[in-house]
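The lines below spell out each chain.
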Amino acid sequence: MTKPTVVVSGGSRGIGRAIVELLAAQGIDVRFLYRSNDEAAAEVVAAVRASGGEATAHRCDVADVGAIESFLDTVADLPLLGLVNNAAVIRDGHFLLMPQESWDVVLQTALGGSFHLTRGCLRSMLKSGHGRIVNIGSLSGLLGMAGQVNYATAKGGLHAFTKALAREVGRWGITVNTVVPGWIRTDITDALPESKRRKAEATIPLGRMGEPIEVARVVAFLFSDQASYITGATIRVDGGVGG
């Protein structure tokens, strides 16, 4: 029996890695994309296979349309169950001092990459009359964060992308949802000075940062039959920090 296939962008670390490992543990054949860290990608594949799952790493910068098209050729004949748009980059800075490159690469990765990957993967879902698309959003895209005009714009656009696309493809049995993480423990937050981590945790009603697996569980739920009537939704996994 052929396993269902899910594509995950930004799958070699942090939240993306947790999503890859959990979906693979549930019997899904995961094809995940990563930009440049071959060692990290190999670690994810090894961890998945050691647990009896299946995952394949594809080096692909989602800001590069040609690279996405090459990847899509490799999954064109697979029965795609869904897609997780997780890839993003951060280039923070004051708006008036922000280089054009910082604006372009953030939008091309988080928003442009999601557009091209979704359009390519959607065709298989339309043929089967079933599919799940999950976009990983950000509190910055919902609330706006100073110094992140580019990132807030990209993630805010992704939230709107979710709602509009959900209305377009629902009739074909395809759901589209956004999962919004709050403060999650990753290599980025681990690198923060202790004082900044404590300050961040003080703003969280649950009193701690979340773990990547706690976000991954919500994504996995949205791929399950239990979530069959949820679409166009924004689900926050933020410990209450978003209000």
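The structure contained in this document is the topic of the report that follows.

This part covers the overall build of the protein. Helix and strand counts for the protein come out as nine helices and seven strands. For 243 residues, the compact-globule formula gives about 18 Å, and the C-alpha radius of gyration of the protein, at 17 Å, lands near that figure. Taken along its principal axes, the extent of the C-alpha atoms in the protein is 50 × 35 × 35 Å. A burial count over the protein gives 47% of its 243 residues as buried. Here the contacts in the protein between residues at least 6 apart in sequence split such that 73% fall between residues at least 24 apart. When the 24 basic and 23 acidic side-chain charges of the protein are each reduced to a single mean position, those positions are 5 Å apart.

Moving on, we get to the pattern of salt bridges. All told, the structure shown has eleven salt bridges when counted by the stated rule. With a shortest N-O distance of 2.8 Å, glutamate 21 and arginine 17 are connected by a salt bridge. Placement of the pair is glutamate 21 and arginine 17 together in helix α1 (residues 14–25), with a separation of four residues, close to one helical turn. Arginine 17 sits in the partly exposed class, given a relative accessible area of 24%. Ionic pairing is found between arginine 236 and aspartate 238, a salt bridge with its closest N-O pair at 3.3 Å. Residue classification places aspartate 238 among the buried positions, given a relative accessible area of 10%.

Listed in full, the buried residues belonging to helix α9 (residues 212–222) are Pro212, Val215, Ala216, Val218, Val219, Ala220 and Leu222. Turning to α9, the residues buried within the fold contact α1, β4 (80–85), β5 (131–136), β6 (174–181) and β7 (234–237).

Turning our eyes to something else, we now look at the packing of helix α3 (residues 65–75) against helix α4 (residues 100–128). One way to put it is that α3 packs onto α4 with a least axis distance of 10 Å and a crossing angle of 25°. Comparing the axis directions of α3 and α4 gives the class roughly parallel. Seen along the crossing, α3 lies across α4 with a hand that is right-handed. Residues Val65, Ile68, Phe71 and Leu72 of α3 form the contact with α4, whose participating residues are Gly113, His116, Leu117, Gly120 and Cys121. Of the residues belonging to the contact of α3 with α4, the class tally is six nonpolar, three polar and no charged.

The grouping of Phe95, Leu96, Leu97 and Val149 at the surface amounts to a nonpolar patch, some 480 Å² of accessible area in total. Structurally, leucine 97 is set in the loop between β4 and α4. Accessibility expressed as a relative area gives 68% for leucine 97, which makes it exposed.

With that out of the way, let us pick up the sheet that holds β7. Sheet architecture is open: seven strands sit in the order β3-β2-β1-β4-β5-β6-β7, paired in parallel fashion. The open sheet is flanked by β3 (54–59) and β7, the only strands paired with a single partner. Here the average twist between neighbouring strands, direction ignored, is 20°. Here β4 runs beside β5; their pairing, made up of four bridges, is parallel. Within the sheet, the bridge partner assigned to glycine 82 lies in β5 and is arginine 132. Where α4 meets the sheet, it contacts β1 (5–8), β2 (29–34), β4, β5 and β6, and its direction lies at approximately 165° from that of β4. Along the sheet, α9 makes contact with β4, β5, β6 and β7, crossing β6 at roughly 170°.

The rules behind the values
- Residues numbered from 1 in each chain as written.
- Predicted model: local features only at pLDDT ≥ 70, side-chain atom pairs only at ≥ 80, totals over all residues.
- Heavy atoms only, no water.
- Helix = DSSP H or I, 4+ residues; strand = E, 2+ residues; numbered from the N terminus.
- Rg over C-alpha atoms; globule rule 2.2 N^0.38 Å.
- Buried < 20%, exposed > 50% of the residue type's maximum accessible area, 1.4 Å probe, protein only.
- Contact = heavy atoms within 4.5 Å.
- Lys, Arg positive; Asp, Glu negative; His and termini not counted.
- Charge placed at Lys NZ, Arg CZ, Asp CG, Glu CD.
- Salt bridge = Lys/Arg side-chain N within 4 Å of Asp/Glu carboxyl O.
- Axes fitted to C-alpha atoms, helices over the stretch in contact; angles between N-to-C directions.
- Parallel < 35°, antiparallel > 145°, perpendicular 65-115°, else oblique.
- Left-handed = near helix turned anticlockwise from the far one by under 90°.
- Nonpolar A, V, L, I, M, F, W, Y, C, P; charged D, E, K, R; others polar.
- Patch = residues over 30% accessible without salt bridge, like charges linked within 9 Å, V, L, I, M, F, W, Y side chains within 5 Å.
- Areas by Shrake-Rupley, 256 points an atom, 1.4 Å probe, with all protein chains shown as cover.
- Pairing = 2+ DSSP bridges.

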